[in-house]
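# Notes for the structure review
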Amino acid sequence: MISQNRRLTMKDNQAKYPQLRFKGFTDPWEQRKLIEVADYRNGKAHEKDISENGDYIVVNSKFVSTNGAVKKFSDELIAPLKKGELAFVLSDVPNGRAIARTFLIDEDNKYSLNQRIAGIAPHSDTNSYFLHSLMNRHHYFLRFDDGAGQTNLSKKEVENWTELYPSIEEQDKIGSFFKQLDDTITLHQRKLAKLKELKQGYLQKMFPQNASKFPQLRFAGFADDWEERKLGDVFSERSERSGEGELISVTINSGVVKASELYRKDNSSDDKSNYKKVEVGDIAYNSMRMWQGASGYSPYNGILSPAYTVIIPKEGNDSKFLAYDFKRYDMIQTFKRNSQGLTSDTWNLKFPTLKSVKVMVPSLEEQQRISTFFESLDTTITLHQRKLEKLQELKKGYLQKMFC
């Protein structure tokens, strides 16, 4: 019979080998503290040196948590970071998404380390990208976040972080692999961002601006004036109630979605007898968030909370076209101007008020042509979004299998 001590020894030995490994590597990984594989230093205050057109990027928590998308600049290189160093976030609000994030420095004399960010300089026998992949949002650091108070990681807590490391040769292989994977993810993120920007550009150019009767960009074969109409002439409000059917919701980013697909707590009432009926082709909107874009075309039959408004297109109007119109910046600003202020950041736009809002509308044929174009563009955006999500899931799986 195998003794308890021997079982524990066998389990410990197994833990020193990752589940997935490059060919040619068989040695067990070795346990080390961060202080044994890298040097730690704290950043310095930059508040008095922030400059809109500075030459140097200030590496703060916002910069790290957005992977460099949100930048502040300084005229002075107060705490210079070197290529290959890691910037590591030490402080964040409860349940924050920045704490323990890392950013790998890609260039000398470009970045300056802010306070509450640590600079981690890997030793010569530690691969920077390996350490970046291992250290980023590691569960050891996240456990210091109690969800109540602000998290502030100390130098001692970071330096004493203990993990398993392979030889530098195996680290180089793993680091190179994750760099290629991250580069691919970044490429897809940029493609997705460009597609979304393209859509916003088309939304501005394919609808008339500044009281014009003609859009800047138009499909061949259409030349007639667009007509100004009140939304009350284009829509009527749906009043039917029902307690049965698919529960749906309205979001700012995705429009009308099934409630079951939302990653949030179900706050709907147990008694749904007074819920509003929604049918395919309706437009549903959140009257208190219309000014933020919380509206959309419904591809579902279902029921919706009484807090929302459901409107039905009248004959001769394409609801998908109008749903895209509602997402334009100019229209959202119009909704905001016509909403009744409840608080500093909340407005209410019920249908009796919405009816008086004016829109420019072309012929039904042109409406349908425009909505088909944007549907196709949305399909492309969705495909790129799914590819990106699959790559991110793939990376998550590799992180679990290629590290001990």
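Refer to the structure presented above.
A short tour of the structure in this document, coming up. Quick caveat, the model's predicted, so the values are computed rather than measured. (Residues numbered from 1 in each chain as written. Predicted model: local features only at pLDDT ≥ 70, side-chain atom pairs only at ≥ 80, totals over all residues. Heavy atoms only, no water.)

### Examining the overall build of the chain
Summing up its helical and strand segments, the chain has twelve helices and 23 strands in all. Scaling as 2.2 N^0.38, a compact globule of 404 residues should have a C-alpha radius of gyration of about 22 Å, whereas the chain reaches 27 Å, well beyond that. Overall, the chain is about 75 × 65 × 45 Å in size when its C-alpha atoms are taken along their principal axes. For the chain, the proportion of its 404 residues judged to be buried stands at 41%. Residue pairs in contact within the chain that sit at least 24 positions apart in sequence constitute 75% of those at least 6 positions apart. If you sum the accessible surface of the chain, you get close to 22600 Å²; carbon and sulfur atoms cover 47% of it. (Helix = DSSP H or I, 4+ residues; strand = E, 2+ residues; numbered from the N terminus. Rg over C-alpha atoms; globule rule 2.2 N^0.38 Å. Buried < 20%, exposed > 50% of the residue type's maximum accessible area, 1.4 Å probe, protein only. Contact = heavy atoms within 4.5 Å. Areas by Shrake-Rupley, 256 points an atom, 1.4 Å probe, with all protein chains shown as cover.)

### Focus: the pairing of strand β3 (residues 56-59)
Within a regular strand, side chains alternate between the sheet's two faces. Pairing between β3 and strand β4 (residues 72-74): three bridges, direction antiparallel. In the sheet register, I57 faces β4, and the bridge partner there is F73. (Pairing = 2+ DSSP bridges.)

### Some remarks on the sheet that holds strand β5 (residues 86-89)
With respect to topology, four strands assemble into an open sheet ordered β2-β9-β5-β7, the strand pairing being antiparallel. The strands lining the two open edges of the sheet, one partner per strand, are β2 (38-42) and β7 (102-104). Taken over all neighbouring pairs, the strand axes of this sheet differ in orientation by 25° on average, direction set aside. Pairing of β5 with strand β9 (residues 117-122) involves four bridges; the strand directions are antiparallel. In the sheet register, V89 faces β9, and the bridge partner there is I117. (Axes fitted to C-alpha atoms, helices over the stretch in contact; angles between N-to-C directions.)

### Observations concerning the side chain of R32
Relative to the assigned elements, R32 resides in strand β1 (residues 30-33). With residues near it in sequence (within four places) discarded, R32 still touches V37, D125, W161, T162, E163, Y165 and Q171.

### With respect to the sheet that holds strand β13 (residues 235-237)
In spatial order, the strands read β13-β20-β17-β18; together these four strands make up an open sheet with antiparallel pairing. Of all strands in the sheet, those bounded by a partner on one side alone are β13 and β18 (295-297). Pairs of neighbouring strands in the sheet enclose a mean axial angle of 25°, with direction left out of account. With three bridges joining them, β13 and strand β20 (residues 308-313) adopt antiparallel strand pairing. Considered in β20, the bridge of F235 is made with P313.

### Some points on the packing of aromatic side chains
Enumeration according to the criterion identifies 25 aromatic pairs in this entry. On the basis of an interplanar angle of 40° and a centroid distance of 5.8 Å, the ring pair of F178 and F403 is categorised as tilted. Pair noted here: F178 is in helix α7 (residues 168-205) and F403 is in the segment after α12 (364-402), with a separation of 225 residues, a long-range link. Like F178, the residue F403 is buried in the burial classification. Above the face of the F22 ring, K173 is positioned so that its terminal group lies 5.6 Å from the ring centre. (Phe/Tyr/Trp six-rings, centres within 6.5 Å; stacked < 30°, edge-to-face > 60°. Lys NZ or Arg CZ within 6 Å of the ring centre and 35° of its normal.)

### Regarding α12
Given a rise of 1.5 Å per residue, 39 residues ought to cover 57 Å, and the 56 Å separating the end C-alpha atoms of α12 matches this to within 8%. Considered for burial, the residues of α12 that qualify are E366, Q367, I370, S371, F374, L377, I381, H384, L388, L391 and M402. For α12, the secondary structure elements touched by its buried residues are α7, α9 (319-326) and β23 (358-361). (Expected span 1.5 Å × (residues − 1).)

### Some remarks on the pattern of salt bridges
Tallied over the full model, the rule gives 19 salt bridges. Ionic pairing is found between E107 and K110, a salt bridge with its closest N-O pair at 3.7 Å. Note on E107: relative accessible area 39%, which makes it partly exposed. Relative accessible area serves as the criterion here: at 26%, K110 is assigned to the partly exposed category. A salt bridge links E240 to R238, with the shortest nitrogen-to-oxygen separation between them at 3.1 Å. Using a relative accessible area of 37% as the deciding quantity, one classes E240 as partly exposed. (Salt bridge = Lys/Arg side-chain N within 4 Å of Asp/Glu carboxyl O.)

### What to know about the nonpolar core
Across soluble globular proteins, nonpolar side chains show a tendency to be buried alongside one another. In terms of nonpolar packing, the biggest core is built from 65 residues, with F88, I120 and V158 touching the most fellow members. Excluding residues that lie within four positions of it along the chain, F88 makes contacts with A100, R101, T102, R116, I117, A118, I120, M135, F141, L153 and V158. (Core = buried A, V, L, I, M, F, W, Y, C linked by side-chain atoms within 4.5 Å.)

### Quick look at unusual backbone geometry
For A100, which is not glycine, the phi dihedral falls at a positive 70°. Considering the arrangement of structural elements, one finds A100 in the loop between β6 (91-92) and β7.

### As for the pairing of strand β14 (residues 248-251)
Residues of β14 alternate between two faces, with I248 and V250 on one and S249 and T251 on the opposite face, all of them buried. Bridge count between β14 and strand β15 (residues 255-258): four bridges; the pairing is antiparallel. Counted as the bridge partner of S249 is V257 from β15. Between β14 and β15, which pair antiparallel in sequence order, lie three residues.

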